[in-house]
Amino acid sequence: MNPLARLLARRIAATGPICLADYMADCLLHPEYGYYTSREPFGRQGDFITAPEISQMFGELVGLALAQSWLEQGSPAPFALVELGPGRGTLMADILRATRMVPGFHRALRLHLVEAAPRMRALQADALRGHEPTWHDSPATLPEMPLLLVANEFFDALPIRQFRRHERGWRELQVTLDADGALAFALSEPAPLALLDHRLKDTRPGDIVEHRPAAGPLIEALAGSIARHGGVALLFDYGGWRSLGDTLQALHRQAPDHPLAHPGQADLTAHVDFEALSQAAAPLLTVTPMITQGTFLHRLGIGARARKLAESLRGEALESHLAAFHRLTDPSEMGTLFKTIALHPKGAPPPPGHGG
Ligand code: SAH
């Protein structure tokens with residue numbers, strides 16, 4: 001057993017089974033043994049590679065979409081340029097580079113990063129040297145001003161609870177101990193759950209539904225701010241519309257792993273339910289229809305951008321550039337599993353890529 005597994009086992013032995021969200025929270029962000037707090041998961045050597053790490057084109061196009069929204073909303077100054085969960089800071093560095101030529105944009109922007117892991121903050125400080133970011137533990141402390149916000153693969157890292165439909169309600173997935181004292185999954189006794197009453201109509205006994213407790217309140221807070229001051233939020237993640245089925249996934253050293261096998265040493269994620277995010281924002285903002293990452297990037301002209309970059313490349317560099325383009329946009333790669341929505345003030349135009 002690794003140190004975090006031992007800690008969790010002691011806690012469960014003392015106080016009983018814990019829900020999946022509590023388990024995930026410790027695995028990802030335990031101050032000493034958490035995945036994001038104790039290791040560097042990204043990049044070509046890490047457990048997974050994200051869109052901005054695949055190619056600079058992702059961040060460049062996102063940056064230009066944000067800048068266009070800013071211009072269309074009357075170039076408010078100052079405004080907060082915000083990223084949730086910036087990882088190594090690559091996406092924000094590309095956004096900042098791509099927007100350098102937009103008149104007034106950099107003078108008006110205040111850079112704010114929401115990042116829980118001190119280790120990640122240090123990487124971001126390096127990547128964004130010269131831009132003086134302000135870090136936040138959560139969006140609750142973001143400044144009261146227009147927000148231009150991006151989040152890529154942030155929501156999939158927020159802990160989920162998982163429920164299995166039963167005739168008389170729901171059984172929740174819990175982490176408990178088996179007869180040998182090792183971590184094991186178990187299901188709670190069936191009980192009704194007001195939270196999932198609306199899913200009784202479209203599920204049958206045995207079906208699995210996931211719920212991300214932190215996502216709704218977080219979106220509500222951001223939506224309130226954008227409704228008051230203006231701005232836009234561009235959200236990218238893997239997932240779909242309306243949770244159904246077990247999507248909990250563990251990655252350890254680039255290979256699928258059992259979620260209980262290496263607590264704190266494996267990345268744990270689950271699909272993002274874009275319906276839940278949209279519903280949380282809808283009372284206050286306009287939410288654009290969910291589209292695939294591939295569609296979004298194509299609408300913003302990634303094909304032309306890729307051709308332009310290709311002109312100056314030869315040999316291996318050209319091959320890896322073309323492979324990156326394929327990986328970002330092709331339906332068999334990230335192109336369709338990854339989705340995006342935008343949140344913007346009612347009455348304001350949708351950002352480019354999300355417009356009709
Ligand atoms: N957006 C980056 C990295 C995504 S990984 C990219 O596209 O490459 C998730 C990021 O969110 C990491 O930086 C992680 O430390 C951070 N994170 C995870 N859970 C968080 C939480 N609850 N609050 C704030 N940041 C969190």
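Our structure is the block above this text.
Here the structure is a predicted model, which means the values were calculated and not measured. (Residues numbered from 1 in each chain as written. Predicted model: local features only at pLDDT ≥ 70, side-chain atom pairs only at ≥ 80, totals over all residues. Heavy atoms only, no water.)

> An account of the side chain of Asp 257 is requested, with residue identities and associated values reported.
Following the sequence through the fold, Asp 257 ends up in strand E12 (residues 255-257). The side chain of Asp 257 sits in the buried core without any salt bridge; Arg 253 is the nearest counter-charge, 8.9 Å away. Looking at Asp 257, its side chain comes within polar contact range of the side chain of His 262, at 2.6 Å. Not counting residues within four places of it along the chain, the set of residues in contact with Asp 257 comprises Ala 250, His 252, His 262 and Ala 266. (Helix = DSSP H or I, 4+ residues; strand = E, 2+ residues; numbered from the N terminus. Buried < 20%, exposed > 50% of the residue type's maximum accessible area, 1.4 Å probe, protein only. Lys, Arg positive; Asp, Glu negative; His and termini not counted. Salt bridge = Lys/Arg side-chain N within 4 Å of Asp/Glu carboxyl O. Polar contact = N/O pair within 3.5 Å; in protein donor to acceptor, adjacent residues only side chain to side chain. Contact = heavy atoms within 4.5 Å.)

> I'd like a description of the site of the ligand, backed by residues and values.
Around the ligand, the surrounding shell holds 17 residues, and the nearest of these are Thr 50, Gly 85, Gly 87, Glu 115 and Asn 152. Within the side chain of Glu 115, a nitrogen or oxygen atom sits 2.6 Å from an oxygen atom of the ligand. For the ligand, the protein covers 94% of the area, taking 570 Å² as the surface of the free molecule. (Near = heavy atom within 4 Å. Areas by Shrake-Rupley, 256 points an atom, 1.4 Å probe, with all protein chains shown as cover.)

> Tell me about the side chain of Thr 292, and please be specific about residues and values.
Structurally, Thr 292 is set in strand E16 (residues 291-292). Polar side-chain contacts of Thr 292 include one of 3.4 Å to the backbone oxygen of Gly 335. Ignoring sequence-local partners within four residues, the contact set of Thr 292 consists of Gly 335, Thr 336, Phe 338, Lys 339 and Thr 340.

> Explain unusual backbone geometry residue by residue, including any values.
In this chain, Ala 77 is followed by Pro 78 through a cis amide linkage whose omega measures -5°. Mapped onto the elements, Pro 78 comes out in the loop between helix H5 (56-72) and strand E2 (79-84). Phi at Ser 75 is positive, roughly 50°, even though this residue is not glycine. Within the secondary structure layout, Ser 75 lies in the loop between H5 and E2. Taking relative accessible area as the criterion, Ser 75 reaches 29% and is therefore assigned partly exposed.

> Tell me about the sheet that holds strand E11 (residues 249-252), residues and numbers included.
Spatial ordering of the open sheet is given by E12-E11-E13, a layout of three strands whose pairing is antiparallel. Because the sheet does not close on itself, it has two edges, and the strands there are E12 and strand E13 (267-269). Strand-to-strand twist across the sheet, computed as the mean angle between neighbouring axes with direction ignored, equals 35°. Relative to E12, E11 is paired through three bridges, and the arrangement is antiparallel. Residue pairing for E12: Ala 250 is matched across the bridge by Asp 257. (Pairing = 2+ DSSP bridges. Axes fitted to C-alpha atoms, helices over the stretch in contact; angles between N-to-C directions.)

> Outline the packing of aromatic side chains, supporting the account with residue identities and numerical values.
What characterises a pair of aromatic rings is the spacing of the ring centres plus the angle enclosed by the ring planes. According to the stated counting rule, one finds eight aromatic pairs in the structure shown. Aromatic pair Trp 70 and Phe 105: ring centres 5.1 Å apart, planes at 85°, arrangement edge-to-face. Of this pair, Trp 70 sits in helix H5 while Phe 105 sits in helix H7 (residues 105-108); the two residues are 35 residues apart in sequence, bridging distant segments of the chain. The pair Trp 70 / Phe 105 is uniform in exposure class, with both members buried. (Phe/Tyr/Trp six-rings, centres within 6.5 Å; stacked < 30°, edge-to-face > 60°.)

> Could you give an account of the pattern of salt bridges, naming the residues involved and the relevant values?
Oppositely charged side chains can pair when the atoms bearing their charge come close. Per the stated rule, a full pass over the model turns up 13 salt bridges. For Asp 202, the salt bridge goes to Arg 242, with nearest N and O atoms at 3.1 Å. With Asp 202 in the loop between strand E8 (183-187) and strand E9 (208-211) and Arg 242 in the loop between strand E10 (231-240) and E11, the pair connects residues that are 40 residues apart, well separated along the chain. Residues participating in the shared-partner salt-bridge network are Glu 60, Asp 94, Arg 97 and Arg 305.

> Pulling in residues and values, what's your account of the nonpolar core?
With 42 residues, the main nonpolar core has Val 62 and Leu 81 as its most contacted residues. It is H5 that provides the largest number of residues to this core, a total of eight residues. Beyond its immediate chain neighbours, meaning those up to four positions away, Val 62 contacts Ile 95, Val 150, Leu 234, Phe 236 and Phe 296. Ranked by size, the runner-up nonpolar core spans 28 residues in total, among them Ala 151, Ala 215, Ile 219 and Ala 281. (Core = buried A, V, L, I, M, F, W, Y, C linked by side-chain atoms within 4.5 Å.)

> Break down the environment of Ser 225 for me, with residues and values.
When you line up the elements, Ser 225 lands in helix H9 (residues 215-229). Since its relative accessible area comes to 6%, Ser 225 is described here as buried. Sequence spacing of Ser 225 and Leu 251 is 26 residues, and the spatial spacing of their C-alpha atoms is 35 Å. Ignoring anything within four residues of it in the chain, the contact list for Ser 225 reads Pro 143, Met 145, Leu 147 and Gly 230.

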